[in-house]
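Residue-level structural notes
One-letter residues, chain by chain:
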Amino acid sequence: MPHEQKGGMNNDAILLESVKTHRARLRGAFLIGELAERRDVNDNVRRLIGSMVLAAVICAGCVGTSFVLNAINAQATQSSTSTTSGSTSESTGATAK
């Protein structure tokens with residue numbers, strides 16, 4: 001009969017469980033990389049995504065500002081040409097009479 005310890009597992013079972021866990025960790029480190037490397041990659045990916053979102057927001061702000069300034073400039077140009085063309089048509093109309 002195998003010798004049982006207080007926890008209910010014998011030394012062989014503990015050793016087998018330890019070897020199984022160690023192999024699983026080695027396999028994971030080989031396939032995915034060490035835990036520290038995985039954390040660095042995840043942090044760098046988050047920084048990259050954050051930078052891309054920030055760049056998109058800044059770009060949208062620049063495009064919006066350009067659109068608004070262009071619309072204001074076009075409205076000012078249109079109002080100044082309508083005022084100028086209105087005064088020239090009045091002066092032209094006065095000479096035609």
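Structural notes, computed from the coordinates. Keep in mind it's a predicted model, so treat the numbers as computed, not measured.

About the criteria used
- Residues numbered from 1 in each chain as written.
- Predicted model: local features only at pLDDT ≥ 70, side-chain atom pairs only at ≥ 80, totals over all residues.
- Heavy atoms only, no water.
- Helix = DSSP H or I, 4+ residues; strand = E, 2+ residues; numbered from the N terminus.
- Buried < 20%, exposed > 50% of the residue type's maximum accessible area, 1.4 Å probe, protein only.
- Areas by Shrake-Rupley, 256 points an atom, 1.4 Å probe, with all protein chains shown as cover.
- Expected span 1.5 Å × (residues − 1).
- Disulfide = S-S within 2.5 Å.
- Patch = residues over 30% accessible without salt bridge, like charges linked within 9 Å, V, L, I, M, F, W, Y side chains within 5 Å.
- Salt bridge = Lys/Arg side-chain N within 4 Å of Asp/Glu carboxyl O.
- Polar contact = N/O pair within 3.5 Å; in protein donor to acceptor, adjacent residues only side chain to side chain.

Turning to the overall build of the protein chain, a few remarks are in order. Across its full length, the protein chain carries two helices and zero strands. Burial analysis of the protein chain (97 residues in total) assigns 2% to the buried set. Carbon and sulfur atoms provide 63% of the accessible area of the protein chain, an area that totals close to 8800 Å².

Moving on, we get to helix 1 (residues 11-31). Because each turn of an α-helix spans 3.6 residues, side chains separated by three or four positions in sequence point in the same direction. With 21 residues, helix 1 extends 30 Å from end C-alpha to end C-alpha; this agrees with the ideal 30 Å at 1.5 Å per step. Gly33 lies just past helix 1 and shows a positive phi near 115°.

Attention now goes to the state of the cysteines. Taken as a whole, this structure holds zero disulfides when the rule is applied. Between Cys59, a cysteine without a disulfide, and Cys62, which holds the nearest cysteine sulfur, the sulfur-to-sulfur distance is 6.7 Å. By relative accessible area, Cys59 is classed as partly exposed at 45%.

The subject of this paragraph is a nonpolar patch on the surface. On the surface, Val45, Ile49, Val53 and Val57 cluster together to form a nonpolar patch covering roughly 340 Å² of accessible area. Among the secondary structure elements, Val53 is positioned in helix 2 (residues 35-96). Val53 sits in the partly exposed class, given a relative accessible area of 48%.

Let's shift gears to the environment of Ser82. Mapped onto the elements, Ser82 comes out in helix 2. Polar contacts involving the side chain of Ser82 include one to the main-chain carbonyl oxygen of Ser79, which spans 2.9 Å.

From the geometry alone we can't say anything about function, so treat these as descriptive.
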